[in-house]
Amino acid sequence: MNLILQFAMILALILHLDGKSVRGIVGDPVQFPVNCPMNGTAELYREYGTGNPPLVAARRDGVCTPGDGFTDRLDLNSCFSFSRSLYTDSGLYVSSCGGGDHIQLDVVVAHESSVSEGEPVTLRCYYKTAGGQVETLRWEKSGVIVLELNLFTKQITNGTGFEGKRLSAAGATEGDFSLTWDQAQVQDEGDYFCSVRSQGVRKAWGDPAAARLRVIKKDLDLVPTTPRPPQNVTSGGGMETWIPITAAVTSGPWALLCCFLVWWLKFRRTNVSPGPDSGQQRDVKIELLPNGNSAGPQTNGSSKV
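Residues numbered from 1 in each chain as written. Predicted model: local features only at pLDDT ≥ 70, side-chain atom pairs only at ≥ 80, totals over all residues. Heavy atoms only, no water.

Enquirer: I keep staring at the sheet that holds strand S11 (residues 136-141) and nothing clicks. Help me out?
Expert: Sheet architecture is open: six strands sit in the order S9-S17-S16-S11-S12-S13, paired in mixed fashion. Of all strands in the sheet, those bounded by a partner on one side alone are strand S9 (110-116) and strand S13 (156-158). Adjacent strand axes in the sheet meet at a mean angle of 20° when their direction is disregarded. As defined by bridge partners, S9 adjoins strand S17 (residues 201-216) across seven bridges and the pair is classed as parallel. When the bridges of S17 are listed, Val115 appears paired with Val215. (Pairing = 2+ DSSP bridges. Helix = DSSP H or I, 4+ residues; strand = E, 2+ residues; numbered from the N terminus. Axes fitted to C-alpha atoms, helices over the stretch in contact; angles between N-to-C directions.)

What follows is the structure, given as structure tokens:
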């Protein structure tokens, strides 16, 4: 048992000095940083601390051969990568080229969340720091420090480009180290990892270890706009207004003309002198002759013609 612990400590020291580590989220592809010539021989082993580590993959003269148990998940194009990672893939791996590089793989579970652009964001992370030998708590995104908290001095340092990000007010008292900020931006989308460290070396992951954030971009076409106020005069109302005006304008000259004609006729009649028979009435009578012809007109007081 002591030999196993010593071996694990030696491997951890080698990993710390080498600095090669890979982390991923369950179900995502994972690429191992194996830098070997394509025309040479390269092998990747899974290190369990026993004397006979199993083969993960081997590449000889450009041809990739998967090891037992990795056939269905090994990407033959790159050879040293998983097309789909499992939680049990976490552990130490050793490559045969370059002097035997040690690679630590951590496959963690992520909490997935989605927010709309402009909404507040909270990414959960919990860790019990009481009695632990840890110095800092760190949030990272794509290998870049987002925020780091010194658990002794309580000093918070934000990474470049991540200003405005802060931790939950509960803090170490409740073990709540959730990352939060006021407004989500499209560039905030991605995977965030929460871990605790001592002397720069990661000691443990938070719970959950990762958060996958999706930011829904606003569609400007769906943004409501202020409706236009109704116009005072509609097309129908305009027609109703113009009809009496047009009638008044066109009927005025005709009314004047009619008045002038009536006045002219009246004036003309007053200037015409009456004839000699103007004061007598004449009765005209037409009789029929026996043969059916008209007898001609007759007037009262005169003989037949």
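Enquirer: I'm lost on the sheet that holds strand S15 (residues 179-181) in this one. Help?
Expert: Taking strand neighbours across the sheet as the criterion, the three strands line up as S10-S15-S14 in an open arrangement whose pairing is antiparallel. For this open sheet the edge positions go to strand S10 (121-123) and strand S14 (166-167), each flanked by a neighbour on one side alone. In this structure, S10 lies alongside S15, joined through three bridges in antiparallel fashion. Bridging across to S15, Thr122 finds its partner in Thr180.

Enquirer: Help me understand the side chain of Ser198, please; the structure alone is not making it clear to me.
Expert: With respect to the secondary-structure elements, Ser198 resides in strand S16 (residues 190-198). A residue is classified by how much of its surface remains accessible, and Ser198, at 13% relative accessible area, is buried. Setting aside chain neighbours within four positions, we find Ser198 in contact with Gln133, Val134, Glu135 and Lys203. (Buried < 20%, exposed > 50% of the residue type's maximum accessible area, 1.4 Å probe, protein only. Contact = heavy atoms within 4.5 Å.)

Enquirer: How do you make sense of the confidence of the model for the protein when you look at a structure like this?
Expert: Do not read the predicted coordinates in detail wherever pLDDT is low. Confidence in the prediction for the protein averages 77 pLDDT; 66% of positions are at 70 or higher. Here residues 233-249 is modelled with pLDDT under 50, and outside its nearest four sequence neighbours on either side it reaches one contact, counting other chains as well. Long-range and interchain partners of residues 274-305, a stretch whose pLDDT sits below 50, account for 23 contacts in this model, where long-range means more than four residues apart. (pLDDT = per-residue confidence, 0-100.)

Enquirer: Honestly, the nonpolar core in this entry has me stumped. Any pointers?
Expert: Core analysis: the largest hydrophobic core is formed by 23 residues, its most contacted members being Leu123, Trp139, Leu179, Tyr192 and Leu213. At the level of secondary structure, the elements contributing two or more residues to this core comprise S10, S11, strand S12 (144-150), S15, S16 and S17. Other than its neighbours up to four places away in sequence, Leu179 contacts Val121, Thr122, Leu123, Trp139, Val146, Leu147, Lys165, Arg166 and Tyr192. Of all hydrophobic cores here, the second largest spans 20 residues; its members include Phe32, Ala57, Cys97 and Leu105. (Core = buried A, V, L, I, M, F, W, Y, C linked by side-chain atoms within 4.5 Å.)

Enquirer: For this particular structure, what's the right way to read a nonpolar patch on the surface?
Expert: There is a patch of nonpolar side chains on the surface, built from Val26, Tyr87 and Val109 and spanning about 300 Å² of accessible area. Following the sequence through the fold, Val109 ends up in the loop between strand S8 (102-108) and S9. (Patch = residues over 30% accessible without salt bridge, like charges linked within 9 Å, V, L, I, M, F, W, Y side chains within 5 Å. Areas by Shrake-Rupley, 256 points an atom, 1.4 Å probe, with all protein chains shown as cover. Salt bridge = Lys/Arg side-chain N within 4 Å of Asp/Glu carboxyl O.)

Enquirer: Mind showing me how you'd approach unusual backbone geometry here?
Expert: Peptide bonds are trans in most cases, and residues, glycine excluded, mostly fall at negative phi. Residues Asp207 and Pro208 are joined by a peptide bond in cis, for which omega reads -5°. Here Pro208 lies in strand S17. Positive phi, close to 65°, is recorded for Lys154, a residue that is not glycine. Relative to the assigned elements, Lys154 resides in the loop between S12 and S13. The class of Lys154 is exposed, set by a relative accessible area of 52%.

Enquirer: In this structure, what is going on with the environment of Gln133? I would like to understand it.
Expert: Here Gln133 is to be found in the loop between S10 and S11. For Gln133, a relative accessible area of 67% corresponds to the exposed category. Along the primary structure Gln133 and Arg197 are separated by 64 residues, whereas in three dimensions their C-alpha atoms are 8.6 Å apart. If sequence neighbours within four positions are ignored, Gln133 has contacts with Ser198 and Lys203.

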